[in-house]
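# Reading the structure
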Amino acid sequence: MKHHLVAHTSPMGWNSWDCYGAAVREEEVRGNAQYMAEHLKEYGWEYVVVDIQWYEPGAVSSQYRSFVPLEMDSFSRLIPAVNRFPSAADGHGFQALADYVHSLGLKFGIHIMRGIPRQAVHQDTPILGTQATARQIAHPNSICPWNTDMYGVDATKEGAQEYYNSLFDLYAEWGVDFVKVDDIAASRLYDTHLAEIELIRQAIAQCGRPMVLSLSPGPAPLEHASELIANANMWRMTDDFWDVWSLLHGMFERCEKWAEHVGPGHWPDCDMLPLGHLGIRSVDSVDSGSHDRWTRFTKDEQLTMMTLWSIFRSPLMFGGELRDNDAWTLSLLTNEEVLDAHRNGLDARQVYRKDEHIVWTSHNVEGHVYAALFNAGDEASRVCVSLQDLGIEGQTSGRDLWNRVNLGTLEQELSAEVPPHGAALFILK
């Protein structure tokens, strides 16, 4: 599939949601992009993604304002709010912002909602490339249960494909490299919107610009794995993920179920990394009273998350305000040995799970074996795995990737004393 040539390795970047909700501003996007270029680009981080409601002039947090006017062009397409994105003035859209991101050697992405703006349907505005109008292609009963911006698009109607084509043609003109489409991978009301996913895949194919297609929210149904692989580059296998241990603990089971579907150009997505400075203008869905803060994860839980995401090869999308990173947070994002496991690991699988001891493994093309040892319990414990269970016959040498120390020769097993909620990651050569 040609679209699998895009995101051939699992995408790495920054997304504005965890720190700014629906209210990020251009200067904040530019500032995070500059930080990424200076501190993270050399390690493979490259996408800068503006999350939801960049077209809503009055957005102030992650709490959506219902049924408010949105910025829209004459062809039913949402455009950036100029008061938040000044370079979008005079019809320039995101072109100048994308140009800036590209000038740093990075790639630019946006979030959109599935469907067509309700205000376009109510005004019955035109659609570029067809005689059909917004009202004629809308599916008014297909709505998002948590956001009032859009109606679904009826894929059977004339003009439906033309509408999505016009969207992605516009994004191509702007220089967009990554599009996260929401209310589409799973829905509390309608399951997966496969017909609109296919419209979007065709729209990207015809626009002439390679774009990563990311689908949200989750959990995407496992029974639709083949359709997701056929159309998308990444899809959420979880609902919104926040810095709460119970959510991280539950991710092991999700990763085990989706592991066989990980591959070049198609990546089951564990969701963003809620690390560093969070909640500046965003309220998480787990604790609505938790605003401006640093991540609630302990350092050991942060290592567990980075280790699981890396060996599983989930996309890595950092959610905090990058410019406020401390040395510890930056160290999590710049360990080239761990990131090599993320970039080059193959055939990740869970070796065993017994009580709260969990072991995962993968390997690279050179035949070296990665082993991740997790202690999901509440007390420190020694986690062990036999070399035979890792597919290794005879003795081997090992290296601790987080601590950057060699282990020497191993004869029968790999073991480590792992803190509560903690992890250790090794390469065995």
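Just so it is clear, the model here is predicted, and its values are computed rather than measured.

## Notes on the overall build of the chain
Helix and strand counts for the chain stand at twelve helices and 21 strands. In summary, the chain has a C-alpha radius of gyration of 22 Å against a globular reference of 22 Å for 429 residues, a match within 12%. Along the first, second and third principal axes, the C-alpha set of the chain runs to 70 × 40 × 40 Å. A total accessible area of about 16,300 Å² is found for the chain, and carbon and sulfur atoms account for 48% of it. Charge centroids of the chain, computed over 33 positive and 59 negative side chains, lie 2 Å from each other.

## Notes on the sheet that holds strand β4 (residues 116–117)
Here three strands make up an open sheet; going across it, the order is β4-β6-β5 and the pairing antiparallel. Only two strands of the sheet have a single partner each, and these edge strands are β4 and β5 (138–143). For β4 and strand β6 (residues 150–153), the ladder comprises two bridges, and the chain directions are antiparallel. When the bridges of β6 are listed, Ile 116 appears paired with Tyr 151. Contacts from helix α6 (residues 160–174) reach β4 and β6 within the one sheet, and its direction differs from that of β6 by about 120 degrees.

## Quick notes on the domain arrangement of the chain
Domain annotation of the chain identifies domain 1 (3–334) and domain 2 (348–428). For domain 1 and domain 2, the distance between their C-alpha centres works out to 34 Å. Listed per partner, the contact involves 19 residues of domain 1 and 22 residues of domain 2. Each partner contributes to the roughly 1,700 Å² buried at the junction of domain 1 and domain 2, and carbon and sulfur atoms together form 66% of this total. When the area that domain 1 buries against domain 2 is broken down by residue, the three leading residues are Phe 252, Thr 307 and Ile 311, summing to 38%. For the interface between domain 1 and domain 2, the tally reads zero salt bridges. Connecting domain 1 to domain 2 are six residue pairs in polar contact (both at pLDDT 80 or more).

## Notes on the nonpolar core
Grouped together as the largest cluster of nonpolar side chains are 128 residues, with contacts concentrated most on Phe 168, Tyr 171 and Trp 360. Two domains each put at least three residues into this core: domain 1 (3–334) and domain 2 (348–428). Among the nonpolar cores identified, the runner-up in size contains 17 residues, and Val 369, Val 385, Leu 410 and Val 418 belong to it.

## Side note on the UniProt feature "domain: Alpha galactosidase C-terminal" (unreviewed entry) in the chain
Here, UniProt's "domain: Alpha galactosidase C-terminal" (unreviewed entry) annotation points to residues 355–428. Within residues 355–428, the helical portion is 0% and the strand portion 59%, while the C-alpha atoms at the span's ends are 25 Å from each other.

## Things to note about helix α7 (residues 194–207)
In this model α7 runs 20 Å from its N-terminal to its C-terminal C-alpha over 14 residues, within 8% of the 20 Å that 1.5 Å per residue would give. Among all positions of α7, only Glu 196, Ile 197, Leu 199, Ile 200, Arg 201, Ala 203, Ile 204 and Cys 207 are buried. On the buried face of α7, the contacting elements are β6, α6, β7 (178–182), β8 (212–215) and α8 (225–231). Positioned one or two residues after α7, Gly 208 has a phi angle of 85 degrees, which is positive.

## A word on the sheet that holds strand β9 (residues 234–236)
Read from one edge to the other, the open sheet built from eight strands follows the order β10-β9-β8-β7-β3-β2-β1-β13, with strand pairing classed as parallel. Among the strands making up the open sheet, the edge pair consists of β10 (267–269) and β13 (316–318). Each strand axis lies, on average, 25 degrees off the axis of its neighbour in the sheet, ignoring direction. The sheet contact formed by β7 and β8 spans four bridges and is parallel. What sits directly across from Val 181, in β8, is Leu 215.

## Details of the pattern of salt bridges
Under the criterion given, the structure shown has 20 salt bridges. Note that Arg 114 is salt-bridged to Asp 183, the shortest N-O span being 2.9 Å. Here the residue Arg 114 occupies a position in the loop between β3 (107–113) and β4, and Asp 183 occupies one in the loop between β7 and α7, the gap between them amounting to 69 residues. Assessed through its relative accessible area of 2%, Arg 114 is described here as buried. The partner of Lys 157 in a salt bridge is Asp 154, and the shortest N-O contact between them spans 3.8 Å.

What counts, and where the lines are drawn
- Residues numbered from 1 in each chain as written.
- Predicted model: local features only at pLDDT ≥ 70, side-chain atom pairs only at ≥ 80, totals over all residues.
- Heavy atoms only, no water.
- Helix = DSSP H or I, 4+ residues; strand = E, 2+ residues; numbered from the N terminus.
- Rg over C-alpha atoms; globule rule 2.2 N^0.38 Å.
- Areas by Shrake-Rupley, 256 points an atom, 1.4 Å probe, with all protein chains shown as cover.
- Lys, Arg positive; Asp, Glu negative; His and termini not counted.
- Charge placed at Lys NZ, Arg CZ, Asp CG, Glu CD.
- Pairing = 2+ DSSP bridges.
- Contact = heavy atoms within 4.5 Å.
- Axes fitted to C-alpha atoms, helices over the stretch in contact; angles between N-to-C directions.
- Domains from an automatic or database assignment.
- Buried area = accessible area lost by both parts, 1.4 Å probe.
- Salt bridge = Lys/Arg side-chain N within 4 Å of Asp/Glu carboxyl O.
- Polar contact = N/O pair within 3.5 Å; in protein donor to acceptor, adjacent residues only side chain to side chain.
- Core = buried A, V, L, I, M, F, W, Y, C linked by side-chain atoms within 4.5 Å.
- Buried < 20%, exposed > 50% of the residue type's maximum accessible area, 1.4 Å probe, protein only.
- UniProt positions renumbered as here; feature names shortened; annotations may be inferred.
- Expected span 1.5 Å × (residues − 1).

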